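# Fold and contact review
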Amino acid sequence: MGPTGTGRSKTLTETDEELHPLRRILPDSSDNQDGVLHIGGCSLPELAAVYGTPLYVYDEETLRAQARRVSAAFASSSARVSFAAKACATVAVLRVFREEGLGLDTVSAGEIEAGLRAGFAPAHMHLHGNAKSDEDLARALELDLGAIVVDNLDELRRLESMSLGRSTRARVILRLALSVGAKTHAYLLTSGADTKFGLGHDELQTALSRLGKSSTLRLIGLHAHPGSQISDARVYTAALASLLETVELVKTHGLGVEEAGIGGGWAVPYVPNDPALAPEDLAASLRGLLPNRIRLAVEPGRALVARAGVAVYRVVSVKQRPAGRLVAVDGGMGDNPRPVFYGAGYSAIPVNDPAAAAKGSDRLVGRYCEEGDVLAEGVHLPVVPGDLIAVPTAGAYQLSMASAYNLVPQPAVVLVSRGRARLVTRRASHGELLSRELDGL
Ligand SMILES: Cc1ncc(COP(=O)(O)O)c(C=O)c1O
């Protein structure tokens with residue numbers, strides 16, 4: 001049930017050449033119907049009127065299309081494709097990916113729980129994390145997850161003692177700290193001698209000799225996640241080559257490797273001209289590199305989900321500043337901390353005049369008490385208070401990183417498809433935010 005469009009169902013590109021560059025950053029079903037932005041056949045102003053703002057709108061068609069696209073790209077290499085839940089742990093989104101046959105990469109007992117709620121079989125989930133809690137490990141062992149990706153020697157020792165007495169050996173993948181020359185923001189670099197993730201070379205030797213003697217753990221694979229927003233496929237071919245070299249070392253310990261995992265991190269465009277790494281191109285550059293007996297594993301997050309989501313905000317105030325207009329909306333760093341964390345750039349589109357979206361001198365700022373709470377810079381926003389603004393490519397690492405800073409409740413989420421909208425996450429309430437406070441009751 002929910003707001004519907006006017007019935008015309010042409011896509012943005014078909015209806016409006018002016019909007020063509022936005023196609024790279026908007027959901028597949030986006031449409032400019034009579035000057036109003038629609039997604040999944042639903043009018044954004046109608047959705048905002050029913051569910052309030054800020055509102056996150058996910059397009060089911062784009063989620064499914066991306067999942068199918070990635071699966072098809074890697075089908076000939078029989079790769080294991082998992083969605084990295086950290087990018088978006090919204091259960092309804094996870095359910096779509098489960099229905100599309102993907103596995104799930106989790107990093108906590110909480111994400112495992114979300115995966116179970118979405119119907120994932122434990123065998124199709126694996127657990128990552130550089131500082132997993134005992135609770136995380138215990139839950140993974142209890143459910144007999146597909147694999148636990150061991151990050152460090154302390155974890156390996158803990159896991160060995162926690163798995164004593166089990167009837168089956170827990171499957172383990174070792175995460176390596178490889179240097180593969182990934183060029184990205186320092187906070188998005190997750191591989192290399194100096195990063196916090198994975199085992200260095202000497203640590204790997206120790207891990208292998210422990211696993212060679214272990215009666216409770218079984219090594220099944222090696223993993224390296226180079227980083228995120230990587231647009232150069234050579235980073236992944238280098239990572240895979242290093243993993244395959246390491247297989248020789250593994251064999252010297254009497255162990256074998258069934259799987260080589262190169263993580264996710266494929267670049268997606270946040271603004272129309274950003275570089276991207278197409279799954280087909282990545283798959284093509286990896287083809288033929290793996291020996292038959294070793295399976296490839298990939299675990300993209302943002303590439304599957306970023307473009308499917310759009311954040312919708314309402315304009316609260318507009319100020320004139322020497323450098324341009326300053327447009328303040330009712331959300332910001334609480335629902336999207338990425339600009340503050342990584343200096344991430346975004347586009348912004350006036351919902352009731354999408355064709356006006358362009359580069360300009362306006363700044364879109366949030367409602368939070370930080371000067372750095374900027375959602376988009378260098379945009380053109382001919383809007384007045386009360387108007388709506390859509391921020392595209394909002395599907396990844398926004399809701400999953402959202403906070404309740406300033407005690408502003410986290411937004412609601414709707415899933416749209418073929419003119420129907422379904423509320424899948426309700427807006428948080430003030431009572432809920434204060435519910436853990438024991439004083440003043
Ligand atoms: C181990 C691992 N796998 C997959 C991902 C997903 O990355 P992305 O969402 O950039 O594809 C990450 C992101 O940090 C990661 O650390």
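So, how was this worked out
- Residues numbered from 1 in each chain as written.
- Predicted model: local features only at pLDDT ≥ 70, side-chain atom pairs only at ≥ 80, totals over all residues.
- Heavy atoms only, no water.
- Helix = DSSP H or I, 4+ residues; strand = E, 2+ residues; numbered from the N terminus.
- Buried < 20%, exposed > 50% of the residue type's maximum accessible area, 1.4 Å probe, protein only.
- Polar contact = N/O pair within 3.5 Å; in protein donor to acceptor, adjacent residues only side chain to side chain.
- pLDDT = per-residue confidence, 0-100.
- Contact = heavy atoms within 4.5 Å.
- Near = heavy atom within 4 Å.
- Areas by Shrake-Rupley, 256 points an atom, 1.4 Å probe, with all protein chains shown as cover.
- Nonpolar A, V, L, I, M, F, W, Y, C, P; charged D, E, K, R; others polar.
- Core = buried A, V, L, I, M, F, W, Y, C linked by side-chain atoms within 4.5 Å.
- Salt bridge = Lys/Arg side-chain N within 4 Å of Asp/Glu carboxyl O.

Mapped onto the secondary structure, Q229 falls in the loop between β10 (217-223) and α9 (233-251). Q229 sits in the buried class, given a relative accessible area of 18%. A distance of 2.9 Å separates the side chain of Q229 from the backbone nitrogen of V268, its partner in a polar contact.

Turning next to the confidence of the model for the chain. The share of residues in the chain with pLDDT of 70 or more is 93%, and the mean pLDDT across the chain is 93. For the stretch residues 1-15, pLDDT sits under 50, and the model shows 48 contacts to residues farther than four places along the chain or on other chains.

On to the site of the ligand. In the vicinity of the ligand lie 15 residues, with S228, G265, E299, R302 and Y397 positioned nearest. One of the side-chain N or O atoms of D105 is found 3.5 Å from a nitrogen atom in the ligand. Here G301 contributes a backbone N or O atom positioned 2.8 Å from an oxygen atom of the ligand. Expressed as a share of its isolated accessible area of 400 Å², the protein-covered part of the ligand is 93%. Residue classes in the shell around the ligand are distributed as three nonpolar, seven polar and five charged.

Here D154 shows up in helix α7 (residues 153-162). Residues D154 and A131, 23 residues apart in the sequence, show an inter-C-alpha distance of 9.4 Å.

Y58, F74, F83, L174, V305 and L364 are the most contacted members of the largest nonpolar core, which totals 103 residues. The element best represented in this core is α9, accounting for 10 residues. Here F83 is in contact with C88, L94, F97, L102, G103, L104, D105, P300, G301, L304 and V305, once residues within four sequence places are set aside. Core analysis: the second largest hydrophobic core is formed by 22 residues, L47, L388, A390 and A412 among them.

On to the pattern of salt bridges. If you walk through the whole model with that rule in mind, you get 22 salt bridges. Note that D232 is salt-bridged to R234, the shortest N-O span being 2.9 Å. A salt bridge links E432 to R426; the nearest nitrogen and oxygen atoms lie 2.9 Å apart. Bridged by salt links that share partners, the residues E60, R64, R68, E99 and E100 form one connected network.

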